[in-house]
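Residues per chain, in single letters:
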Amino acid sequence: MNPAEASLPSETEVLVKRSFDAPANLVWRAYMEPDLLRRWCTGPPNWSMPVCEMDMRVGGTYQWRWHNDEDGMEFGFTGDVLEVVPHSKIVHTQAFDPGNMGIGMGGEPSIITVTFDEVDGITNVATTIKYASQADRDEALSTGMTEGMEISYTKLDEMLAEIGGENS
């Protein structure tokens, strides 16, 4: 599939679009099941996701933590689940936990909206990240966030092909 496309629809938002050669129900599972999410959502090489705790229902919470297996650096996100429409939409807050990275990205949580739209077996995923301010958005972008997302999406492509074959 083509690499993710990132755009800035407003002063406080980042929109990342990516398509996957898999049905929406399978892509949905990859986002909603901790064992699947930790397999693909690891970003650059040498990073892992040792903490992936998720209660993905309205009112639920999550905690994600990444670890660099080479230098021991860690960071994470926590948040509350605001909306869940099966196979279609997830909305949650996201607060950055800098761990031992020594960087900050604002104090206010962002709002993440992920939509899933399947057309002819291809699932189009759109992720909108709404930050509290333009400064928070720009700080997040400066970390290489969108590049890391594409690295993870490439892993998701591979995993979807693998688990899609298991479900055939």
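Visitor: Where do I start with the sheet that holds strand E6 (residues 89-97) in this structure?
Guide: Pairing between the strands of a sheet is mediated by backbone hydrogen bonds and can be parallel or antiparallel. One open sheet accounts for eight strands, arranged E1-E2-E8-E7-E6-E5-E4-E3; its pairing is antiparallel. For this open sheet the edge positions go to strand E1 (5-10) and strand E3 (47-54), each flanked by a neighbour on one side alone. Recorded for the sheet is a direction-independent mean angle of 25 degrees between the axes of neighbouring strands. Bridge count between strand E4 (residues 61-68) and strand E5 (residues 74-85): seven bridges; the pairing is antiparallel. Paired with Arg65 across the bridge in E5 is Gly76. Contacts between helix H1 (residues 24-32) and the sheet are confined to strand E2 (13-20), E3, E5, E6, strand E7 (110-119) and strand E8 (122-130), with E7 contributing the most and set at about 155 degrees to the helix.

Visitor: What should I look at first to understand the pattern of salt bridges in this one?
Guide: Close approach of charged atoms allows side chains of opposite charge to pair. Scanning the model with the defined rule gives nine salt bridges in all. The partner of Glu150 in a salt bridge is Arg18, with the nearest N and O atoms 2.9 Å apart. With Glu150 in helix H4 (residues 145-166) and Arg18 in strand E2, the pair connects residues that are 132 residues apart, well separated along the chain. Residue class for Arg18 comes out buried when judged on its relative accessible area of 4%. Taking the shortest distance from any N to any O, the salt bridge between Arg137 and Asp138 comes out at 2.9 Å.

Visitor: When you look at the layout of surface pockets in this model, what are you seeing that I'm missing?
Guide: Gaps left between atoms show up when a probe the size of a water molecule is rolled over them. Considering only enclosed or pocket space, the largest pocket measures out at about 940 Å³ in volume. Put simply, the parts of the chain that give the lining of the largest pocket at least two residues each are helix H2 (34-40), E4, E5, E6, E7, E8, helix H3 (134-142) and H4. Class assignment for the residues of the lining of the largest pocket results in 26 nonpolar, 12 polar and two charged.

Visitor: Explain the state of the cysteines to me, please; I cannot follow it from the model alone.
Guide: A covalent bond between the sulfur atoms of two cysteines is what we call a disulfide. In this structure the tally under the stated criterion is zero disulfides. Of all cysteine sulfurs in the structure, the one in Cys52 sits closest to Cys41, which takes part in no disulfide; the separation is 7.8 Å. What makes Cys52 buried here is its relative accessible area of 7%.

Procedures and definitions
Residues numbered from 1 in each chain as written. Predicted model: local features only at pLDDT ≥ 70, side-chain atom pairs only at ≥ 80, totals over all residues. Heavy atoms only, no water. Pairing = 2+ DSSP bridges. Helix = DSSP H or I, 4+ residues; strand = E, 2+ residues; numbered from the N terminus. Axes fitted to C-alpha atoms, helices over the stretch in contact; angles between N-to-C directions. Contact = heavy atoms within 4.5 Å. Salt bridge = Lys/Arg side-chain N within 4 Å of Asp/Glu carboxyl O. Buried < 20%, exposed > 50% of the residue type's maximum accessible area, 1.4 Å probe, protein only. 1 Å grid on protein atoms, 1.4 Å probe; cavity = no way out; pocket = protein on both sides within 12 Å on 5 of 7 lines; lining within 4 Å. Points joined across faces, edges and corners; volume = space filled by probe spheres on them. Nonpolar A, V, L, I, M, F, W, Y, C, P; charged D, E, K, R; others polar. Disulfide = S-S within 2.5 Å.

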